[in-house]
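# Coordinates in review
Residues per chain are reported as follows:
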Amino acid sequence: MPPAPGQGYPVPPAAGPGSYGWPGMQPPPSNGLGTAGLVLGILSAIGFCMWPVAFVLGVLAVIFGGIGRGRVRRGEATNPGQALAAIICGSAGIVLALAMLALLISATI
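Residues numbered from 1 in each chain as written. Predicted model: local features only at pLDDT ≥ 70, side-chain atom pairs only at ≥ 80, totals over all residues. Heavy atoms only, no water.

## A word on the packing of helix α1 (residues 32-46) against helix α3 (residues 80-108)
Rules: Axes, fitted as lines to C-alpha atoms, cover a helix only where it is in contact. Angles between the N-to-C directions of the axes lie from 0 to 180 degrees. The numbering of helices and of strands both runs from the N terminus, where a helix is a DSSP run of H or I of at least 4 residues and a strand a run of E of at least 2. Orientation labels follow simple angle bins: below 35 degrees gives roughly parallel, above 145 gives roughly antiparallel, 65 to 115 gives roughly perpendicular, and whatever is left gives oblique. By convention the crossing between two helices is left-handed if the near helix lies anticlockwise of the far one by an angle smaller than a right angle, and right-handed if it lies clockwise. Contacts were defined at the residue level, with two residues in contact if any of their heavy atoms lie within 4.5 Å.
Between α1 and α3, whose axes approach to 7 Å, the crossing angle comes to 25°. Between α1 and α3, the angle is such that the two are roughly parallel. Crossing angle aside, the handedness with which α1 passes α3 is left-handed. For the pair α1 and α3, contact is made by G34, T35, G37, L38, G41, I42, S44 and A45 and by Q82, A83, A85, A86, C89, G90, G93, I94 and L96, respectively.

Now the structure itself:
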């Protein structure tokens, strides 16, 4: 014979008016901008021979890295190293692109 309802089975607590229930899951970290900035920074540093493209990619990498660092400070992201590397690689790509432009200008004069 099966046990009567409420006997032998754990009964979940009733969620009354003062109960908040299960708080739910935390949102996942939004690491996309730090990662995208790092990829753009690496592409900018590698492809400096195409200086207009490298300059634009470097600027975007610095911007995305800066936004990513802001998200890390607010606790919305968990990749501070990638965001910092995006800023560093993007800056290096900008410097290399400008050096390539200066080299091309000096070679034509």
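Now that the structure is up, let's keep going.
## Some thoughts on the environment of G65
By the element assignment, G65 lies in helix α2 (residues 51-74). Separated by 27 residues in the primary sequence, G65 and L38 place their C-alpha atoms 7.3 Å from one another. Once residues lying within four places of it in the same chain are set aside, the contact partners of G65 are A83, A86 and I87.

## Topic: α2
Residues lying three or four places apart along an α-helix face the same way, a consequence of the helix completing one turn every 3.6 residues. Condition: One less than the number of residues in a helix, times 1.5 Å, gives the span that helix is expected to have. Categorising residues by exposure relies on relative accessible area from a 1.4 Å probe, with only protein chains included: less than 20% of the type maximum marks a residue as buried, more than 50% marks it as exposed, and the intermediate range marks it as partly exposed.
If you check α2, its first and last C-alpha atoms are 35 Å apart, about what 24 residues at 1.5 Å a residue would give, namely 34 Å. Residues A54, L57, G58, A61, G65, G68 and G70 constitute the buried set of α2. Here the buried face of α2 lies against α1 and α3.

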